[in-house]
Structure formats: structure tokens, C-alpha cells
Amino acid sequence: MRLAEYDGKALLRRHGLAVPRAVLLRAGDEPPDEAAGWPNLFLKAQVLEGGRGKSGLVRRLHGIADFREARRLILATLDDADTPLLLEEAVPIGREIFVAVRVDGTGHRLELVLAAEGGEDVERSAKKLARVAIEPGAAPTAEHVFAAAAELFPRDVAARLARYAARLPDIARQEDLQLLEINPLALTADGRFIACDAKLIRDEAADFRHDPNEFALSRMLAERALTAAERAARDLGFQLVETPGDVVLVTSGAGLAMMMMDLLADHGLGAASFMDNLRGAPDETMNERLQVARTLAKRPGIKAIVFQTVIASRSLAERIDALTTWIEAEPLPKPLFVGLAAGHAATRRISPAAAIEQLGALGVPAFTDPIALVKAVAHAVGVPLAVSRS
Ligand code: GDP
Ligand code: MN
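1. As for the coordination of the manganese ion (ligand 2)
- Around the manganese ion (ligand 2), the protein contributes the donor atoms Asn183 (O) and Asp197 (OD), which lie 2.2 to 2.3 Å from the metal centre. Remark: aspartate 197 occurs in the loop between strand S10 (193-195) and strand S11 (199-202) and asparagine 183 occurs in strand S9 (residues 177-188); sequence separation between them is 14 residues.

2. Some points on the site of ligand 1
- Around ligand 1 there are 17 residues in total, and Lys44, Arg52, Gly53, Val91 and Glu96 lie nearest to it.
- In this structure, an oxygen atom belonging to ligand 1 sits 2.8 Å away from a side-chain N or O atom of arginine 52.
- A distance of 2.9 Å separates an oxygen atom of ligand 1 from a polar atom in the side chain of aspartate 197.
- Sorting the residues of the shell around ligand 1 by element identifies strand S3 (41-45), strand S4 (58-61), strand S6 (93-104) and S9 as the ones contributing at least two each.

3. So, the sheet that holds strand S2 (residues 22-25)
- Ordered in space as S2-S5-S3-S4, the four strands form an open sheet in which the pairing is antiparallel. Sheet topology places S2 and S4 at the edges, where each strand pairs with a single neighbour. Across this sheet, the average inter-strand angle for adjacent strands is 20 degrees, counted without regard to direction.
- Where S2 and strand S5 (residues 85-89) come together, four bridges link them in antiparallel fashion. Bridge pairing links leucine 24 to leucine 86 in S5.
- Packed onto the sheet, helix H1 (residues 5-14) meets S2, S3 and S5 and runs at close to 50 degrees relative to S5.
- Relative to the sheet, helix H2 (residues 67-78) contacts S2, S3, S4 and S5, its axis offset from that of S3 by approximately 20 degrees.

4. Notes on the environment of lysine 9
- Mapped onto the elements, lysine 9 comes out in helix H1.
- According to the relative accessible area criterion, lysine 9 is buried, its value standing at 3%.
- For the pair formed by lysine 9 and arginine 294, sequence separation is 285 residues and the distance between their alpha carbons is 42 Å.
- Those residues within four positions of lysine 9 in sequence are excluded, and the remaining contacts are Val19, Pro20, Lys44, Leu86, Glu88, Ala195, Cys196, Asp197 and Ala198.

5. A look at the pattern of salt bridges
- The final tally for this structure, using the stated rule, is 31 salt bridges.
- The salt bridge partner of arginine 109 is glutamate 135, with a shortest N-O separation of 3.2 Å. Within this pair, whereas arginine 109 is found in strand S7 (residues 109-115), its partner glutamate 135 is found in the loop between strand S8 (129-134) and helix H3 (142-149), the two being separated by 26 residues in sequence.
- Using a relative accessible area of 42% as the deciding quantity, one classes glutamate 135 as partly exposed.
- The salt bridge involving arginine 202 is made with glutamate 214; its shortest N-O contact spans 2.8 Å. One end of the pair, arginine 202, is in strand S11; the other, glutamate 214, is in the loop between S11 and helix H6 (216-225), with 12 residues separating them in the sequence.
- When salt bridges with common partners are traced through the structure, they connect Glu5, Lys9, Lys44, Arg52, Glu88 and Asp197 into a single cluster.

Rules used in this analysis
For every chain, the first residue of its written sequence is number 1, and the numbers climb from 1 along that sequence. To label them, take the chains in the order written and letter them from A, then take the ligands in the order written and number them from 1. In keeping with the model being predicted, local features are shown solely for residues with a pLDDT of at least 70 and side-chain atom pairs are shown and tallied solely at 80 or more, while totals for entire chains, interfaces and linings include all residues. Values shown for side chains rest on all heavy atoms present in the structure; no hydrogens or waters enter the calculation. Sites may look incomplete because water is not among the atoms; the donors themselves are N, O and S atoms within 2.8 Å of the metal, or within 3.2 Å for Na, K and Ca. Secondary structure elements follow DSSP: runs of H or I of four or more residues count as helices, runs of E of two or more count as strands, with numbering from the N terminus. Any residue with at least one heavy atom within 4 Å of a molecule or strand is counted as near it. Side-chain atoms alone can form a polar contact between residues adjacent in sequence; in general such a contact is a pair of N or O atoms within 3.5 Å, and within protein one must be able to donate a hydrogen while the other accepts it. Note on pairing: DSSP must find at least two bridges between two strands before they are called paired. The convention used is that axes are lines fitted to C-alpha atoms, helices contributing only their stretch in contact, and that angles between N-to-C directions extend from 0 to 180 degrees. Residues count as neighbours in contact if any of their non-hydrogen atoms are within 4.5 Å of one another. The rule is simple: take the accessible area with a 1.4 Å probe, protein chains only, and divide by the maximum for that residue type; under 20% is buried, over 50% is exposed, in between is partly exposed. One side-chain nitrogen of Lys or Arg within 4 Å of one carboxyl oxygen of Asp or Glu is enough to make a salt bridge.

Next up, the structure:
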């Protein structure tokens, strides 16, 4: 779960890290009296997407008198008057630093990343990064972090930053964060570190260890960002993410979905849907997925439906029967292509060859090779051959 800046900063504050004074303003709220005493302020849209500074969603106010105009500009940019806004005292930044703890999936551990210049272009100056591997169960010492920080910062800054940054991996662990990114971390003229932004992602698999009612703002924003079809899917027990594309893709499991999305893209096609299992939901939601796929496929921009299944031990026959029932229920809004990969135990009642024949009799081409499947889709919808790469 991605945390909105406001929620992320609340978490950091709970762990004793300094954040700017701020108030959250809901639609129509006026700034509190205390904000009139802040000489410079920032007004920041609370949206889950990053890069707000560049899109005009973070605005500097030279005094509270600028509030109304800044609010108008942000809400006009978003075209959404209900977006909550964070009104913050501007921190006088002596130096902008980038610091993050992230899961290094390849190394199976956390890593601490430091950069000497924070701010909006940190990704582009990535060559100046220092990385510190954090071994599981071990807390990095400030000395350990100092060795890396000293490559980027003057020794006095490196020493203080090392003490600050060494605390972050433990916060990430306690809070089950996949990412804890502070950019910019302000080093003030009087030597304090203040987190001016917070990009935190909590691992949803660990939700049960945390208060389900915390981070209400982030939850509300995530809910609001769902499309009608995504919400319908969630209520039916699976996850759907709509993506810009022309092929409705029905799969189960994120790995398979990503592979198919890549194959489609390699052949000049775009998946219009990504489907995954929802934690804690029934793991068999094929009929629900097909139901949503039919609705999506009625849209004018959609050219085909791809159903790709991989089964190890459940029955291929049952799946083909369910698919047949769905195909025959109503005319398909767009041509359907089926991919099958079935392990030995799945094929006791029907072989893949017999399944392909059964679908073929309904006019639905089916394949055991996903590349052959995608090539057939590209051919049928008329993607020029030059685009097709494999
Ligand atoms: P993002 O673009 O979504 O990452 O939004 P940020 O919260 O990082 O704000 C964008 C930029 O505004 C930052 O990179 C800073 O340069 C600047 N900024 C944000 N908060 C402060 C602050 O308290 N003081 C100062 N001087 N600059 C700030
Ligand atoms: Mn930022």
C-alpha cells in the first residue's frame, strides 16, 4: 500500500523523525490561524502519484495570503476539487539530500541508498548514489553508513547523516515497508534533518500486523483511484488493473500476467487489463474474471480477448467446460484466443489436444505455445508485420 505524504510523515514522526509543521486540509477547509505565522509555506496535493513538484501540484506560498490562488491552481491542475491538500511550513533547506531504504529483491535484504542532491531530478543524477547493504536481522551502525556517506558528503555532514540514516532500516522493518524514501531530506542551516517529503510503501502481505484503521487518507485515495471495473473486480474477489491497450487479457497470477503483457507488447499489441489474485480471497475466480472481461471487451478500442491459463493439478476439463459455458452464453464482443499450459495431473480427463479441438469447434483458436497464441492475435487484428519482433 502506497502511503500519501501526510500518512508517511505521520509514520516518520511516530518514530521520532522531524517533519515540517503541517495541517491537512479537506475540500473547502480554510487554513488554521497558526499558519498565518509561517513566513513561507508549501501547499501540496495529497495524491498517490509522485512527481508532484513537476506537475504543479506542490506550490510555494510567500505567506498565507497566497493560499487561495495556490489552491485554485492545484485543484484546476487535478481537475478534482475534492483532493485533500497538505499546508506546510516551508523548511529553510541548506542542503537537499536523498535517502531511501528499499527491498533489494535480488540480494534478499534491505539496502540503504543515499544521494548528495535530493530534489526532483535525483533519478537522473543516479551516478552519485551510495548504497549500503543491510544484512537481515542486523542493524547498520553509524560507522558502517559513514563509510558510504563520506564518499558523497563532507565529513561533518556524512557523520550526522550516518547517525540519521542508520535508524531508517529498523523503522522499515518494524513497519513492514518495501520502500521508505525521503526526498528531499532537508539539512537546515542549524544542522537539523527534516523530512520534507515521504514516499512510503507498506507490504500488503503484512497488513494483518498493523492497525486496519490507520492511514485512512491513503486508503481513501487508493479507493477513489479505482475505475468502476477495478472496483467490480475487487468486489468479485480478484485484482484488476486497467492499462492502456487493445487486448483484454485474462490470466491468474501476476507472473503469468506480466509475461503475457510483455509478449503482447513484443508483437505490437497492448494488454488492456492486468489480473492478479487478491489476498484472502478465494483462489478460484475464473468465472468472475471472464464476466469482467466480457464487459471490458465491449469497449470500442478493444480488438481481442486473450485467455491464458496454466494449471498444475486442477482439472483442465473443468476449466474448458466453464470456458465453453461462458463462450456460449452470449455472443463474444471480440474474437477470443485461448492459451493452455497444463501439467500432467491436470490432463486426466482431457488432453490439451482434445481441449484445443473442443474450443476449435466453437470457432475459438487455442494454443499450447503462448508465442504462437500472440502471433495469431497480432495476425488477426492486423498488426503490421514490421512491428512484430519475434
Ligand atoms: P514530489 O515532487 O511529489 O516529490 O513532491 P515534494 O514534496 O518532494 O516537493 C517537490 C519539491 O519542492 C522538493 O523536491 C523540494 O525542492 C521542494 N520542497 C518541498 N518541501 C519543501 C520545504 O519544506 N522547503 C523547501 N525549501 N523546499 C521544499
Ligand atoms: Mn519528493
